[in-house]
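The chain contents come next:
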Amino acid sequence: MPRMRAVDAAVAILQAEGVTDVFGLPGAAINPFYSALKNNGTIHHTLARHVEGASHMAEGYTRAKAGNIGVCIGTSGPAGTDMITGLYSAAADSIPILCITGQAPVARLHKEDFQAVDIATIAQSLTKMAVTVMEPAQVPGTFQQAFHLMRSGRPGPVLIDLPVDVQVAEIEFDPDTYQPLPVYKPAASRAQVEKALDMLVASERPLIVAGGGIVNADAAELLVEFAEIIGVPVIPTLMGWGTIPDDHPLMAGMAGLQTAHRYGNATVLASDFVLGIGNRWANRHTGGLDTYRAGRKFVHVDIEPTQIGRVFAPDYGIVSDAGAALALFVDVARQRKAAGTLPDRSVWAEECAERKRTLHRKTHFDNVPVKPQRVYEEMNRTFGPETRYVTTIGLSQIAAAQFLHVYQPRHWINAGQAGPLGWTLPAALGVCVADPDATVVALSGDYDFQFMIEELAVGAQFNLPYIHVLVNNAYLGLIRQAQRAFDMDYCVQLAFDNINAPDVNGYGVDHVAVAEGLGCKALRVSEPDEILPAFELAKKLMAEFRVPVIVEIMLERVTNIAMGTEIDNIMEFEDLAVLPEDAPTSMALLD
């Protein structure tokens, strides 16, 4: 049996499990692992500027491509605690990432060594497994189990903590005979699918709610095929956006309190049956359950048994991987269509399409300073169906979900449940590593952008080109809007007179100067007619210099974006679209 250091075995397992890229920062307690990476030579390492940034890069990398598992590496102590936000974000959205930390020697774990912290206990509630490996011979099995757990059932993150003496100890391990463990995913039975389809057939106005589980299962084509066979419109959740193209006749819009379309909410309210597949019934999607559930029955399909009934008890629940369930739904639906037992849903589908044609928000504003709606209109004009959008939280993300168009799964990459500020920039870099040929467009408000702005240097150093649209109102805009309920505007203003940059006109931080100082290209736009030319120039700069290009758009200081407390009680703060020219890039022409 070959003998090698435990860390050499661990890196060999990473290679055998398909890992080609990792993100992280070396340090004294993890240097043995880094020496194994160097000796292996097959795995590319991207050096982050902050370990939290590295964890978000790993998450963006996972989300970009089916089968990817992002790996984040850091030293002991604060490196592990810096990863906690990344672990939370990944766990919340069912994203597998592997975080590897160094640790003090086993004999000193209870002696309060320098940068020694019980990271496994800290991370336990946010992971499928968090373990400090105390015996060198357990390293291979722990890594093997990590990949098994990350891929099985509801996907999620794992943290492996490696004491420095465990890393360097020699063990027996044969990498040539290593095999990944079989992945476990529950699958629906035919009887369950038949019953669910019976309930759908018995309804008059059914909908499919398509969640992020369909993305995780790489099952978007099956979803579209199923919807087309039965003729039923689809409401994607924010995490499921892109599973059916926005321009598909059966794409009925997103529903919810914030990241939603007017026509999506109206269609849910008009429905009498909902088949949810791979979704969580997240509160920003449902709003109040009395309103959301009134007058309709629900079937819920989810890979995690404890997810069924967590938010509300459905009329029928199925524990299944979304892909396995959809494959059966397609098979059963085909048979019923051939037998002529599927009802004609064309009238209902046309009613949904009519709402999609007519219920739009206005985007075309010529105001100076720029209104944010105009930014998304110009983004729709500039960036095509192949664009991968990356964003996290704030008014910018909410408005983007209301106005942008997404045509493929994994082309809307969003930290949906956790929504950590600062996530966008490093996650976009992870997407660039995963898909170097993609057109990646990140979207941030000024506060999200400032949170991890140092990671721009990573994009410059490793030639990771993407366009970062920065909408700047020098405000914590979403928090300010929420403070309206308290009749205050308190501790949310970011504007100040910058003595070094009077040309930013009191908006405070000179993002262009900071971005250029970090090795990137940057443009500033102040008028609506400048937006599209700036985007076109950004594409050229990105192609020429192979670095991130920031397009900062100076917005009006205060804009309230449509949102509400119930899906039937959304407050619209701006004029609605009445004529086609009010919303020229909307998905359907207005009547």
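Scroll up for the structure.
These remarks concern the structure in this document. Note that the structure is a prediction, hence the values are computed from the model and not measured. Throughout this description, residue numbers start from 1 for each chain and increase along the sequence as written. Reporting of local features is limited, given that this is a predicted model, to residues whose pLDDT is at least 70; pairs of side-chain atoms are given and counted only at 80 or more, and all residues count toward the totals for whole chains, interfaces and linings. The basis for the side-chain values is all heavy atoms of the structure; hydrogens and waters are excluded.

Some words on the overall build of the protein chain
Right, on to step 1. Every helix listed is a DSSP run of H or I at least four residues long, and every strand listed is a run of E at least two residues long, numbered separately from the N terminus. Helices and strands together make up the secondary structure of the protein chain, namely 24 helices and 21 strands.
Right, on to step 2. Only C-alpha atoms enter the radius of gyration; for comparison, a globular chain is expected to reach 2.2 Å times N to the power 0.38, where N is the number of residues. Against the 2.2 N^0.38 benchmark of 25 Å for 591 residues, the protein chain shows a C-alpha radius of gyration of 25 Å, consistent with a compact globule.
Right, on to step 3. On the principal axes, the C-alpha backbone points of the protein chain span a range of 70 × 70 × 45 Å.
Right, on to step 4. In the protein chain, buried positions account for 60% of the 591 residues.
Right, on to step 5. In what follows, residue pairs with any heavy atoms lying within 4.5 Å of each other are defined as contacts. Considering only contacts in the protein chain between residues 6 or more positions apart, those separated by 24 or more positions represent 75%.
Right, on to step 6. Surface summary for the protein chain: the accessible area is close to 22000 Å², and the carbon and sulfur share equals 52%.
Right, on to step 7. Across the protein chain, the mean location of the 44 positive side-chain charges is 4 Å away from that of the 68 negative side-chain charges. Buried means the residue's accessible area, taken with a 1.4 Å probe over protein chains only, is under 20% of the maximum for its type, while exposed means over 50%, and partly exposed covers the values in between. Per-residue and other accessible areas were derived by the Shrake-Rupley procedure at a 1.4 Å probe size, with only the shown protein chains allowed to occlude residues. We count Lys and Arg on the positive side and Asp and Glu on the negative side, and we leave His and both chain ends out. Positions of charges follow a simple convention, taking NZ of Lys, CZ of Arg, CG of Asp or CD of Glu.

Focus: the environment of Glu225
Right, on to step 1. Topologically, Glu225 is positioned in helix α11 (residues 220-230).
Right, on to step 2. For the pair Glu225 and Ile244, spaced 19 residues apart in sequence, the C-alpha to C-alpha distance is 9.8 Å.
Right, on to step 3. Leave out the neighbours within four places in its chain, and Glu225 touches Val330 and Arg334.
Right, on to step 4. Think of a polar contact as two N or O atoms within 3.5 Å of one another; within protein, one of them needs to be a possible hydrogen donor and the other a possible acceptor, and neighboring residues in sequence only count if both atoms come from side chains. At 2.2 Å, the side chain of Glu225 and the side chain of Arg334 are in polar contact.

Observations concerning the layout of surface pockets
Right, on to step 1. In this structure, the second largest pocket spans a volume of roughly 350 Å³.
Right, on to step 2. Considering the residues around the second largest pocket, the lining is formed by 22 residues, among which Gly394, Leu395, Ser396, Gly477 and Leu478 are closest to the centre.
Right, on to step 3. Looking at the lining of the second largest pocket, the elements with two or more residues in it are α17 (372-382), α18 (395-403), α20 (446-451) and α22 (477-483).
Right, on to step 4. Note on residue categories: nonpolar means Ala, Val, Leu, Ile, Met, Phe, Trp, Tyr, Cys or Pro, charged means Asp, Glu, Lys or Arg, and polar means any other residue, Gly included. Tallied by class, residues from the lining of the second largest pocket come to 14 nonpolar, six polar and two charged. Both cavities and pockets are sets of points on a 1 Å grid over the protein atoms alone; in a cavity a 1.4 Å probe fits but cannot get out, in a pocket the set is open with protein on both sides within 12 Å along at least five of seven lines, and lining residues sit with an atom within 4 Å of a point. Grid points are joined across faces, edges and corners, and a volume is the space filled by probe spheres set on the points.

Notes on the pattern of salt bridges
Right, on to step 1. Put simply, a salt bridge is a Lys or Arg side-chain nitrogen that is within 4 Å of an Asp or Glu carboxyl oxygen. Throughout the structure, instances matching the rule amount to 27 salt bridges.
Right, on to step 2. In this structure, Asp331 engages Arg190 in a salt bridge whose closest nitrogen and oxygen atoms are separated by 2.3 Å. Of this pair, Asp331 sits in helix α15 (residues 322-339) while Arg190 sits in helix α9 (residues 190-202), placing them 141 residues apart in sequence.
Right, on to step 3. Residue Asp331 is classed as partly exposed on the basis of its relative accessible area, which comes to 28%.
Right, on to step 4. Salt-bridge contacts for Arg374 lead to Glu378; the nearest nitrogen and oxygen are separated by 2.7 Å. Linking Arg374 with Glu378, this pair stays in helix α17, spanning four residues, or about one helical turn. Side by side, Arg374 and Glu378 carry an identical accessibility label, which is buried.
Right, on to step 5. Residues joined in a network through salt bridges with shared partners are Asp366, Arg374, Glu377, Glu378, Arg381 and Asp529.

Some thoughts on the packing of aromatic side chains
Right, on to step 1. Between rings of Phe, Tyr and Trp, where Trp is taken as its six-membered ring, a pair exists when centres lie within 6.5 Å; planes separated by under 30 degrees are stacked, by over 60 edge-to-face, and by other angles tilted. Taken as a whole, this structure holds 12 aromatic pairs when the rule is applied.
Right, on to step 2. With a centroid separation of 5.7 Å and 65° between ring planes, the pair formed by Phe23 and Tyr61 is classed as edge-to-face. A residue pair is termed long-range when its members are at least 10 positions apart, and Phe23 in strand β2 (residues 21-24) and Tyr61 in helix α3 (residues 51-64) qualify at 38 residues. Across the pair, Tyr61 and Phe23 agree in class, each one buried.
Right, on to step 3. Geometrically, the ring pair formed by Trp281 and Tyr292 is edge-to-face, given 6.0 Å between the ring centres and 65° between the ring planes.

Examining the environment of Met239
Right, on to step 1. Here Met239 lies in the loop between β10 (234-236) and α12 (262-270).
Right, on to step 2. Each C-alpha atom of the pair Met239 and His110 lies 42 Å from the other, and the pair is 129 residues apart in sequence.
Right, on to step 3. Those residues in contact with Met239 that sit more than four places away from it in its chain are Arg63, Asp93, Gly211, Gly212, Val215, Asn414 and Gly416.

Regarding the sheet that holds strand β18 (residues 521-525)
Right, on to step 1. Overall, parallel pairing links the six strands, which are arranged β15-β14-β16-β17-β19-β18 in an open sheet. The open sheet has two free edges, formed respectively by β15 (412-414) and β18, since each of these has just one partner strand. Strand-to-strand twist in this sheet, taken as the mean axis angle between neighbours without regard to direction, amounts to 20°.
Right, on to step 2. Taken together, the five bridges between β18 and strand β19 (residues 549-554) define a ladder with parallel strand orientation. A pair of strands is labelled paired if DSSP reports no fewer than 2 bridges between them. Helix axes are fitted to C-alpha atoms over the stretch in contact, other axes to C-alpha atoms as well, and angles between N-to-C directions run from 0 to 180 degrees.

Details of empty space enclosed by the protein
Here the idea is plain: a probe the size of a water molecule rolls over the atoms and shows the empty space left.
Right, on to step 1. What the rule picks out here adds up to two cavities of 30 Å³ or more.
Right, on to step 2. Estimated volume of the largest cavity: approximately 190 Å³.
Right, on to step 3. If you trace the largest cavity, you find 18 residues lining it, with His261, Tyr263, His360, Gln402 and Phe403 closest to the centre.
Right, on to step 4. Only α12 and α18 provide two or more residues apiece to the lining of the largest cavity.
Right, on to step 5. Looking at side-chain class alone, the lining of the largest cavity contains seven nonpolar, eight polar and three charged residues.
Right, on to step 6. Its volume calculated, the second largest cavity comes out at about 80 Å³.
Right, on to step 7. The wall of the second largest cavity is formed by 13 residues, among which Arg361, Gln373, Ala562, Glu572 and Glu574 lie closest to the centre.
Right, on to step 8. Residue classes in the lining of the second largest cavity are distributed as five nonpolar, three polar and five charged.

As for the pairing of strand β14 (residues 388-391)
Right, on to step 1. Residues of β14 alternate between two faces, with Arg388 and Val390 on one and Tyr389 and Thr391 on the opposite face, all of them buried.
Right, on to step 2. Across three bridges, β14 lies against strand β16 (residues 440-445) in parallel orientation. Looking at the pairing, Val390 lines up with Ala442 of β16.
Right, on to step 3. Of the pairings in the sheet, the one linking β14 to β15 comprises three bridges and is parallel in character. Note on β15: the bridge partner recorded for Val390 is Ile413.

Focus: the nonpolar core
Nonpolar side chains in soluble globular proteins tend to end up buried together.
Right, on to step 1. Only buried Ala, Val, Leu, Ile, Met, Phe, Trp, Tyr and Cys residues count toward a nonpolar core, and they belong to the same one when joined by side-chain atoms within 4.5 Å. Judged by nonpolar contacts, the single largest core of 78 residues is most densely connected at Phe226, Val375, Met379, Val469 and Ile553.
Right, on to step 2. Contacts of Val469, omitting those with residues within four sequence positions, involve Val375, Met379, Val441, Ala442, Leu443, Ser444, Phe535, Val551 and Ile553.

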